[in-house]
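Chains, contacts and geometry: an overview
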Number of protein chains: 2
Amino acid sequence: MNEKPLILITNDDGVKAPGIRALINYIRPFGRVVVVAPDRPQSGTAHAVTIAHPLRLELIASETDYEEYNCNGTPADCVKLAFKIVMRRRPDFLFSGINHGSNASINIIYSGTMAAVLEGALAGVPSVGFSLNNYSLKADFGAAQKFIETIVAEVISGGLPKGVCLNVNIPDVPADKIRGIKLCRQAEGTWEEDFDEREDPHGGKYYWMKGVYAQIGNGEDTDQWAVEHNYVAVVPVHFDLTANHGMELLRNRF
Amino acid sequence: MNEKPLILITNDDGVKAPGIRALINYIRPFGRVVVVAPDRPQSGTAHAVTIAHPLRLELIASETDYEEYNCNGTPADCVKLAFKIVMRRRPDFLFSGINHGSNASINIIYSGTMAAVLEGALAGVPSVGFSLNNYSLKADFGAAQKFIETIVAEVISGGLPKGVCLNVNIPDVPADKIRGIKLCRQAEGTWEEDFDEREDPHGGKYYWMKGVYAQIGNGEDTDQWAVEHNYVAVVPVHFDLTANHGMELLRNRF
């Protein structure tokens, strides 16, 4: 009997991104690892699922306690295929990332990395997403290693509350500058989008989206504050979007 | 001075879907209407945004107090383009739908219709998504009309609490069977996915996603219960995914 836990790893930057390669290296010592990740970058896909065209899986590597698959779908597709087709069961744990760029604050709702984590939580699998506050493909993930190992070990030994997953955001500073791990709530924030308006060679207009993160609230109990002050931010996340305070305010109107 | 409110309408089934055509007809009497909607079906796109390729807008109709645009992007893209390029300001209200199919319970996290609504709320615009509990393109939206008009009138006259938008799900029964409007919380639910495994003419395997909604909790205060019992379900929704109960349970571990 193999008592090592079965662990699914995925991401949204694609299977070749340095972030997932680092995460695989850090997590392999903890158990049997199966990687099912998008075959190309899928940043900004959020919780999209593919229902209008078929999905494919390609086996890339098969070693002792390790298998790796590419998939042509979104991160949420990868998780669903991993559970039903690749593993034929739910894994014991799911880890997603390391995302190239912040998923703190409102970024979570656009994040494929965190959509994969929510898919895991929906299926009852303790699931954690890791993101580094650096969008570059050349980011250095070394400082993140010991904090990721600490969180992975804690989740494997103690599990997570039912229906709760974790959104972990790591500051992009050397290891000795990181002040520790801090439990936080999601900061209020938004993106102030703008668009580059351009003209194609045939006179047609087109638009490139560009955005700037706009802080709305930034209390010391938020993930955004924590990352900006060199803490590893851990936010417990669920998938109930009900605005309970709104319920009271609307009670007599609907 | 034109005192009619400026209203943005969008959806995720595409600008040709009968659901948005019905919604446009019901809402035009309330103000100046601008439609910016996807040029093709975008069900299941969730909160995806388009950052890797350019977006285009096509003006389809321009009449007194009415303009209509097609866009090659997602519902969230449509809202961002509408605010920044089409209207050059935030509208007074945003309405999305009528979605062909339920967005009650966990469906909200996969829904492009509701992603558009959340985009509106993030920008401070009172926003409502409407969905009919019938996936057919031949669905009859007639019974929904007077309930949609009631909710639109209430939101236009009284606004919505800051950061709160509404997810409205309408049962697919004749008008005289609908028992009224009910304020609800999001039901716990999930999808039990399965995949059709097939082989292409070259021997390659591919997979079609198919899913069955699986009820987890179904209290009488939930949207799922309300729709199943012929109420129009109204859930106040926000974009803070923090699991506050999880915070307490994890306080001593991270």
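Here's a quick rundown of the structure. In this text, all values refer to a predicted model and were calculated from it rather than measured experimentally.

A short note on the interface of chain B and chain A
Counting residues at the interface gives 55 residues for chain B, matched by 55 residues for chain A. Elements with a contribution of two residues or more to the side of chain B that touches chain A: α2 (75-86), α3 (112-122), α4 (145-158), β8 (181-183), β9 (189-199), β10 (205-215), β11 (232-237) and α6 (244-250) of chain B. Considered class by class, the residues forming the side of chain B that touches chain A number 34 nonpolar, 11 polar and 10 charged.

Quick notes on the sheet that holds strand β4 (residues 66-71) of chain A
Residue and element names in this part refer to chain A. Spatial ordering of the open sheet is given by β3-β4-β2-β1-β5-β6-β7-β11-β8, a layout of 9 strands whose pairing is mixed. Looking at strand neighbours, the two that pair on one side only are β3 (57-63) and β8 (181-183), the edges of this open sheet. Taken pair by pair, the neighbouring strands of this sheet meet at an average axis angle of 20°, ignoring direction. Note: strand β6 (residues 127-132) against strand β7 (residues 165-170), 5 bridges, orientation parallel. Bridged to Leu 132 within β7 is Ile 170. Of the strands in this sheet, β1 (6-10), β2 (32-38), β3, β4 and β5 (93-100) are in contact with helix α2 (residues 75-86), which crosses β2 at around 135°.

Digging into the packing of α2(A) against helix α3 (residues 112-122) of chain A
Residues and elements named next belong to chain A. Running from N to C, α2 and α3 cross one another at 30°; their axes reach a closest spacing of 8 Å. The pairing of α2 with α3 is recorded here as roughly parallel in orientation. Between α2 and α3 the crossing geometry is right-handed. Each of Pro 75, Ala 76, Cys 78, Val 79 and Lys 80 in α2 lies in contact with α3, whose residues at this interface are Gly 112, Thr 113, Ala 115, Ala 116, Glu 119 and Gly 120. Looking at side-chain class alone, the contact of α2 with α3 contains 6 nonpolar, 3 polar and 2 charged residues.

Regarding the relation of the copies chain B and chain A
Mapping chain B onto chain A calls for a rotation angle of 180° and an axial translation of 0.0 Å; the resulting RMSD is 0.0 Å. Classification of the inter-copy transformation places it as that of a two-fold axis. Taken as a fraction of all interface residues of chain B, those also at the interface in chain A reach 100%, which identifies the copy contact as same-surface.

Considering unusual backbone geometry
Looking along the chain, the bond that leaves Gly97(A) and enters Ile98(A) is cis, with omega of -10°. For Ile98(A), the position within the fold is in strand β5. Although it is not a glycine, Asp65(B) sits at a positive phi angle of roughly 60°. Structurally, Asp65(B) can be placed in the loop between β3 (57-63) and β4 (66-71). The exposure class of Asp65(B) is partly exposed, given the 14 C-beta atoms found within 10 Å. Despite not being glycine, Ser105(B) has its phi angle at roughly 55°, a positive value. Inspection of the secondary structure assignment puts Ser105(B) in the loop between β5 (93-100) and α3.

Rules behind the numbers
- Residues numbered from 1 in each chain as written.
- Chains lettered and ligands numbered in written order.
- Predicted model: local features only at pLDDT ≥ 70, side-chain atom pairs only at ≥ 80, totals over all residues.
- Contact = placed C-beta atoms within 7 Å.
- Helix = DSSP H or I, 4+ residues; strand = E, 2+ residues; numbered from the N terminus.
- Nonpolar A, V, L, I, M, F, W, Y, C, P; charged D, E, K, R; others polar.
- Pairing = 2+ DSSP bridges.
- Axes fitted to C-alpha atoms, helices over the stretch in contact; angles between N-to-C directions.
- Parallel < 35°, antiparallel > 145°, perpendicular 65-115°, else oblique.
- Left-handed = near helix turned anticlockwise from the far one by under 90°.
- Least-squares fit on C-alpha atoms with pLDDT ≥ 70 in both.
- Buried ≥ 20, exposed ≤ 12 C-beta atoms within 10 Å, placed from the backbone.

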